[in-house]
Amino acid sequence: IEIEIDNYENEFEQVIVNILNNAIDAKIIKEKDGRFDAKILIKIYKIKREIFVSIFNNCGNIDEKIIERIFEPYFTTKENLNGTGLGLYMSKAIIETHFHGSLFFTCDEDKTKFTIQPDS
């Protein structure tokens with residue numbers, strides 16, 4: 001599938017980088033406990049005329065204590081890694097404002113998936 005972004009390509013790239021950086025940080029934390037075979041998978045698919053992007057990682061679920069807060073500005077669990085708490089907040093704002101879509105996540109069986117989808 002070939003996708004061309006005419007506007008806001010830098011912003012879209014930043015959203016993808018933010019999500020990937022969070023997966024890499026989760027991998028680093030998970031590897032502190034020993035050898036871990038981390039995987040990150042990006043799927044881009046089309047349903048009718050709409051494009052969806054999903055980014056999966058197997059680095060564990062998001063802690064239930066913070067699950068309601070991950071899109072809040074300045075909320076971070078990565079103080080030790082110099083986290084600012086703006087990455088997911090800005091990513092969600094970019095997708096909603098510039099792409100008229102949604103950014104959301106699901107957790108299941110030690111896997112986390114972030115999905116970008118158009119609002120219908």
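Residues numbered from 1 in each chain as written. Predicted model: local features only at pLDDT ≥ 70, side-chain atom pairs only at ≥ 80, totals over all residues. Heavy atoms only, no water.

> Explain the overall build of the protein chain residue by residue, including any values.
The secondary structure content of the protein chain amounts to 2 helices and 4 strands. For 120 residues, the compact-globule estimate of 2.2 N^0.38 gives 14 Å, and the protein chain sits close to it at 15 Å. The principal-axis extent of the C-alpha atoms belonging to the protein chain is close to 45 × 30 × 25 Å. Long-range contacts, defined as pairs at least 24 residues apart, comprise 52% of the intrachain contacts of the protein chain with a sequence gap of at least 6. (Helix = DSSP H or I, 4+ residues; strand = E, 2+ residues; numbered from the N terminus. Rg over C-alpha atoms; globule rule 2.2 N^0.38 Å. Contact = heavy atoms within 4.5 Å.)

> Quick one: what's the story with helix α2 (residues 87-98), residue by residue and with numbers?
Between its first and last C-alpha atoms α2 spans 16 Å; for 12 residues at 1.5 Å apiece the expected length is 16 Å, and the two agree. All of the buried residues along α2 are Leu 88, Ser 91, Ile 94 and Ile 95. The arc that holds every buried residue of α2, seen down its axis, measures 125°, which confines them to one face. Where the residues of α2 are buried, they touch α1 (9-31), β3 (101-108) and β4 (111-118). Backbone geometry just downstream of α2 places His 100 in the positive-phi region, at approximately 50°. (Expected span 1.5 Å × (residues − 1). Buried < 20%, exposed > 50% of the residue type's maximum accessible area, 1.4 Å probe, protein only. Arc of directions from axis to C-beta.)

> Explain the pattern of salt bridges residue by residue, including any values.
Counted by the stated rule, this structure contains 3 salt bridges. Here Lys 39 ties to Asp 37 by a salt bridge, and the two come within 2.6 Å at their closest N and O atoms. A residue is classified by how much of its surface remains accessible, and Lys 39, at 47% relative accessible area, is partly exposed. Arg 69 is the salt-bridge partner of Glu 72, the closest N and O atoms lying 3.1 Å from each other. (Salt bridge = Lys/Arg side-chain N within 4 Å of Asp/Glu carboxyl O.)

> Report on the side chain of Asn 57, specifying residues and quantitative values.
Of note, Asn 57 is situated in strand β2 (residues 50-57). Here Asn 57 is in contact with Ala 23, Lys 39, Ile 40, Asp 110, Lys 111 and Thr 112, once residues within four sequence places are set aside.

> Just give me the short version of a nonpolar patch on the surface, but keep the residues and values in it.
Taken together, the side chains of Ile 3, Ile 24, Ile 28, Ile 40, Ile 42 and Ile 44 define a hydrophobic patch exposed on the protein surface, amounting to about 450 Å² of accessible area. Secondary structure elements with two or more residues in the nonpolar patch: α1 and β1 (40-47). Following the sequence through the fold, Ile 40 ends up in strand β1. With relative accessibility at 38%, the residue Ile 40 sits in the partly exposed group. (Patch = residues over 30% accessible without salt bridge, like charges linked within 9 Å, V, L, I, M, F, W, Y side chains within 5 Å. Areas by Shrake-Rupley, 256 points an atom, 1.4 Å probe, with all protein chains shown as cover.)

> How would you summarise the packing of aromatic side chains if you had to cite specific residues and measurements?
Enumeration according to the criterion identifies 5 aromatic pairs in this entry. Pairing Tyr 8 with Phe 99 gives two aromatic rings, centres 6.3 Å apart and planes at 70°, and the pair type is edge-to-face. Here Phe 99 lies in the loop between α2 and β3 and Tyr 8 lies in the segment before α1, a separation of 91 residues in the sequence. Look at Phe 99 and you get partly exposed, because its relative accessible area is 27%. (Phe/Tyr/Trp six-rings, centres within 6.5 Å; stacked < 30°, edge-to-face > 60°.)

> Explain the nonpolar core to me, using residue names and the numbers behind them.
Ranked by size, the top nonpolar core spans 18 residues in total, and within it Ile 19, Ile 70, Phe 71, Leu 103, Phe 114 and Ile 116 carry the most contacts. At the level of elements, α1, β2, α2, β3 and β4 are the ones that each hand at least two residues to this core. Among the elements that take part in this core, α1 stands out by supplying 4 residues, more than any other. Among residues more than four places away in sequence, those in contact with Ile 116 are Phe 12, Val 15, Ile 16, Ile 51, Phe 52, Val 53, Ile 95, Ser 102 and Leu 103. (Core = buried A, V, L, I, M, F, W, Y, C linked by side-chain atoms within 4.5 Å.)

By themselves, these figures tell us nothing about what the structure is for.
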